[in-house]
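# Descriptive analysis of the structure
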Amino acid sequence: MQPRQVIKVGIDGMNCASCVGRVERALGSRPAVRGADVNLATATATITHDGNLTISDVETLLRDAGYPARLNTSVFDIEGMSCASCVARVEAALMAAPEIASAQVNFAAGSAKVRHAEQMGTGQIAELIERSGYKASPHQAGQAEPGGDRTSVLKRDTVLAFLLALPVFLLEMGGHVVPAFRDLIVGALGTQNLRLLQFVLTTLILMGPGRQFFRSGVPALLKAAPDMNSLVALGTAAAYGYSTVVTFWGSALPEDSRHVYFEAAAVIVALLLLGRYLEARAKGRTGEAIRKLAGLRARSARIERDGSVVELSIEQIRVDDVVHVRPGEKIAVDGEVISGQSWVDESMISGEPVPVSKQQGADVTGGTINGNGTLTFRAMRVGRDTVLARIIAMVEDAQAARLPIQGLVNRVTMYFVPAVIAIAALTAVLWFALGPQPRLTHALVAGVAVLIIACPCAMGLATPTSIMVGTGRAAEMGVLFRKGDALQALQGVKVVAFDKTGTLTQGIPVMTDFEAVAGVDRKGLLAQVAGAEAASEHPVATAIFAGAKDEDIQPMQATGFEAITGMGVRARIGDHDLLIGAERLMSRSDLDVGPLAEGARVLSEQGKTTMFVARDGRVVGLVAVADPVRDSARSMVRQLHGRGIRVAMITGDGRKTAERVGATLGIEDVVAEVMPDGKVAAIEELRQLGPVAFVGDGINDAPALASADVGVAIGNGTDIAIESADIVLMGHDLGGVSNAFAISAATMSNIRQNLFWAFGYNTLLIPIAAGALYPVNGMLLSPMLAAGAMALSSVLVVTNALRLRLVRPVATQPMPAAA
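Everything quoted here is computed from the prediction, not taken from an experiment.

## Some words on the pattern of salt bridges
Applying the stated rule across the entire model yields 19 salt bridges. For the salt bridge of Arg 326 with Glu 329, the shortest nitrogen-to-oxygen distance reads 2.9 Å. For Arg 326, a relative accessible area of 38% translates into the label partly exposed. Classification of Glu 329 by relative accessible area gives partly exposed; the value is 22%. Between Asp 513 and Lys 608 there is a salt bridge, with the nearest N and O atoms lying 2.9 Å from each other. Residue Asp 513 is located in strand S19 (residues 510-516), and its partner Lys 608 is located in the loop between helix H22 (597-605) and strand S23 (609-615); the two are separated by 95 residues in the primary sequence. Exposure remark for Asp 513: the relative accessible area of 21% places this residue in the partly exposed category. By sharing partners, the salt bridges in this structure join Glu 684, Arg 687 and Asp 709 into a single network.

Dropping the structure here:
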């Protein structure tokens with residue numbers, strides 16, 4: 001009888017006893033389940049099974065029943081991975097645990113993202129990773145990357161390896177290039193002493209700087225799970241072992257095979273260490289975006305505690321603490337101002353260079369910089385809940401993402417290393433059996449060259465390094481990829497649909513026109529109208545009041561005010577009675593709009609809201625208010641058209657206004673007068689043209705954002721946690737849409753370049769290393785050249801990915817309207 005096992009999982013969505021019954025029936029439908037105990041109070045299920053059930057099975061059963069499983073997500077830093085086959089090995093070790101639903105390992109970042117049952121602690125997961133041969137520790141969002149110390153160690157080992165390898169290389173290869181030099185050295189030291197010196201120096205290299213290849217490679221080989229280190233260990237051990245036999249027991253070998261290859265083993269280690277050092281330095285730069293974001297955080301803050309103000313680290317700040325900010329200081333956490341007045345630089349969040357005024361009631365964001373004033377605010381979000389922390393977490397999630405192509409690469413490389421070992425062995429056997437004399441020497445050279453040149457580092461680095469650099473650069477440009485696969489999905493988009501209000505337009509009405517009839521002082525009338533509207537909270541009234549202030553006109557004081565629902569306002573200004581409202585209000589009051597009617601018609605056709613002003617029973621003025629199109633909207637639409645993308649607008653506004661905005665921007669498809677659920681239907685209709693991206697403000701557009709193939713939320717920086725969106729744009733500059741497409745195109749192109757190089761490199765050079773050119777020109781690839789080529793391939797892939805840091809934001813300067 002199989003021992004029973006238990007899985008405990010949290011469940012969302014249960015609210016009554018009938019829910020408990022449905023969940024228990026769903027879980028019990030699987031034959032492997034021996035019992036399911038669902039607790040409504042704790043919202044958990046304890047499942048007893050026979051060992052043939054995994055958390056992934058449980059997740060599927062719960063999802064199908066309508067009650068999603070609540071799983072934990074943990075991220076680990078992993079040390080010791082050397083190639084793409086390591087990725088597959090760690091993932092296989094993690095997925096063998098039934099409590100783990102998914103595991104994504106990122107070779108470039110040296111990290112693993114694991115979704116697992118709540119009952120499984122991070123210590124248990126780290127132990128699984130360590131059993132597969134790698135060190136693991138829980139990752140802290142935004143922490144300094146652990147690669148700094150490793151880079152220093154690699155630098156030290158590389159320098160030492162080259163210092164020891166240089167004499168070996170010169171003593172052996174120098175004699176081949178300059179025979180007189182060899183005669184001099186042999187005459188001074190003798191052949192045997194020369195070999196003994198090379199043996200000592202090479203032994204020091206392999207036991208010192210080169211030990212890391214054997215420390216990881218040999219155990220992996222013994223477990224029948226070879227990796228890159230195994231290839232290097234086999235190759236260098238073969239060259240070193242053969243040379244050692246020649247040195248001490250040379251008489252056992254044919255005379256024409258008594259050659260030493262200490263210089264190959266020494267230089268291979270030195271070159272590979274150099275490649276790893278250069279690769280580590282380059283990879284360190286791929287995480288620069290995270291380090292920059294983490295550097296924005298304040299280290300400490302002045303907090304009110306027990307009646308006094310003390311300085312504490314930000315980790316000690318709690319919700320509802322009162323924080324004091326002096327001029328020039330960073331704001332430590334998110335909060336609400338309770339006293340003081342200042343201007344705050346929020347460019348790190350919004351991208352806007354102009355400081356924002358802050359006074360009582362205003363929100364402040366951690367990481368922004370206070371100006372010359374002092375502020376006191378109440379902490380509202382601390383730790384991982386702050387806007388900056390969520391941004392960092394989003395960028396890290398995107399950098400750890402895996403595109404569909406990466407899964408194929410990992411499956412290939414899982415079998416690649418064993419295949420290379422088999423090819424190397426076959427190469428050596430064929431050369432020894434069929435090759436020309438000295439056969440043993442040729443077999444050794446060709447076999448070692450195949451082992452060394454075929455390390456799949458470049459394959460493993462090709463995709464994740466590009467994703468890391470691309471998403472990091474996107475974050476610097478104000479584009480946050482919440483889901484890394486949106487990088488790839490964005491390239492298939494054929495239609496981009498926009499919400500109108502607050503997205504294509506500013507979302508805040510402004511006064512665009514104010515006219516007075518002949519004989520009436522315009523400024524005086526505007527001062528009276530603004531005074532009347534000052535008592536109203538309607539957005540149109542606010543726009544008129546702000547428009548007067550923009551013209552340096554001081555609104556007059558109203559002594560009487562009455563709001564006429566749905567039509568306008570009535571007020572007493574000085575000795576005059578004012579009536580302000582739509583044409584129907586004028587008609588109801590038997591007032592003739594007269595000569596202003598034509599002007600009102602023209603303004604209405606432009607999509608503006610028009611109102612008439614009557615003073616003392618006579619219509620004397622016309623005012624128009626509109627929600628202006630964003631300066632960058634027209635440019636952005638043209639840029640999308642330039643990419644061959646169709647642009648649509650979906651809005652709940654009236655058709656006439658929507659069509660006018662669409663015509664102004666050059667938008668082909670306009671869907672107006674729809675509710676939020678109608679936007680989903682409109683997206684389904686547009687999907688007939690191809691995959692659809694929807695761009696909305698992230699507040700009222702959640703259904704549309706979720707239903708689109710790619711959801712893009714655009715906001716002011718405080719809306720970044722919108723779960724429905726795949727991409728979040730910081731600030732309201734629509735250039736972010738063009739930037740998202742640009743960085744997506746650049747990243748996918750970079751990935752294709754890297755994969756072409758990584759696979760092409762191995763496809764081309766493995767046959768050459770095996771001796772394919774020998775019948776043509778008598779050339780056998782030196783193992784030293786193979787080591788140099790292999791190291792260079794990884795460095796080239798990472799360096800190519802770093803070019804994504806040079807991607808420039810797409811210009812979104814306003815373009816003149818078409819004539």
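## Considering unusual backbone geometry
Geometrically, the link from Gln 437 to Pro 438 is a cis peptide bond, its omega value of -10° lying close to zero. At Asp 306, a residue that is not glycine, the phi angle is positive and equals roughly 55°. Judged by its relative accessible area of 84%, Asp 306 is exposed. Of note, Asp 590 is a non-glycine position whose phi angle comes to about 60°, a positive value. The topology assignment puts Asp 590 in the loop between helix H21 (583-588) and H22.

## Notes on the sheet that holds strand S5 (residues 72-79)
Spatially, S6-S7-S5-S8 is the arrangement adopted by the four strands of the open sheet, whose pairing is antiparallel. In this open sheet, the two strands that pair with only one neighbour each are strand S6 (100-106) and strand S8 (135-138). Neighbour-to-neighbour, the strand axes of this sheet turn through a mean angle of 25°, independent of strand direction. In terms of strand pairing, S6 meets strand S7 (residues 111-116) through six bridges, oriented antiparallel. Along S7, the bridge assignment pairs Ser 102 with Arg 115. Seen against the sheet, helix H4 (residues 122-131) touches S5, S6, S7 and S8 and runs at an angle of roughly 40° to S5.

## A look at the UniProt feature "transmembrane region" (unreviewed entry) in the protein
Mapped onto this numbering, the UniProt entry gives "transmembrane region" (unreviewed entry) at residues 159-178, 184-207, 228-249, 261-278, 412-434, 440-463, 755-774 and 780-802. Within residues 228-249, the helical portion is 100% and the strand portion 0%, while the C-alpha atoms at the span's ends are 31 Å from each other. For the annotated span residues 261-278, helix accounts for 94% and strand for 0% of the residues, and the straight-line distance between the end C-alpha atoms is 26 Å.

## Comments concerning the pairing of strand S29 (residues 727-730)
Neither face of S29 is exposed, since Ile 727 and Leu 729 on one face and Val 728 and Met 730 on the opposite face are all buried. Of the strand pairs in this sheet, strand S17 (residues 479-481) and S29 are connected by three bridges, and their pairing is antiparallel. Pairing of Leu 480 across the sheet is with Val 728, part of S29.

## Looking at a nonpolar patch on the surface
Together, Leu 166, Phe 169 and Leu 170 make up a nonpolar patch on the protein surface, roughly 260 Å² of accessible area in all. Topologically, Leu 170 is positioned in helix H5 (residues 147-177).

Rules behind the numbers
- Every chain begins its residue count from 1, and numbering advances along the sequence as written.
- Thresholds applied to this predicted model are a pLDDT of at least 70 for local features of residues and 80 or more for the giving and counting of side-chain atom pairs; totals over whole chains, interfaces and linings are not thresholded and use all residues.
- Heavy atoms from the whole structure form the basis of all side-chain values; hydrogens and water molecules are not counted.
- Any Lys or Arg side-chain nitrogen located within 4 Å of an Asp or Glu carboxyl oxygen qualifies as a salt bridge.
- Residue burial is assigned from relative accessible area. The probe radius is 1.4 Å, only protein chains are included, and a residue is buried under 20% of its type maximum, exposed over 50%, and partly exposed in between.
- In DSSP terms, a helix is any run of H or I states spanning at least four residues, a strand is any run of E spanning at least two, and both are numbered starting from the N terminus.
- We treat two strands as partners when DSSP finds at least two bridges between them.
- Where helices are involved, their axes are fitted lines through C-alpha atoms of the stretch in contact, as for all axes, and angles between N-to-C directions lie from 0 to 180°.
- Pairs of residues are marked as contacts when any of their non-hydrogen atoms sit within 4.5 Å.
- UniProt positions are given in the numbering used here, feature names are shortened, and annotations may be inferred rather than shown by experiment.
- Patches draw on residues past 30% relative accessible area with no salt bridge. Two like charges within 9 Å are joined, as are two nonpolar side chains (Val, Leu, Ile, Met, Phe, Trp, Tyr) within 5 Å.
- Note on areas: these come from Shrake-Rupley sampling with a 1.4 Å probe, and a residue is covered only by the protein chains present in the view.

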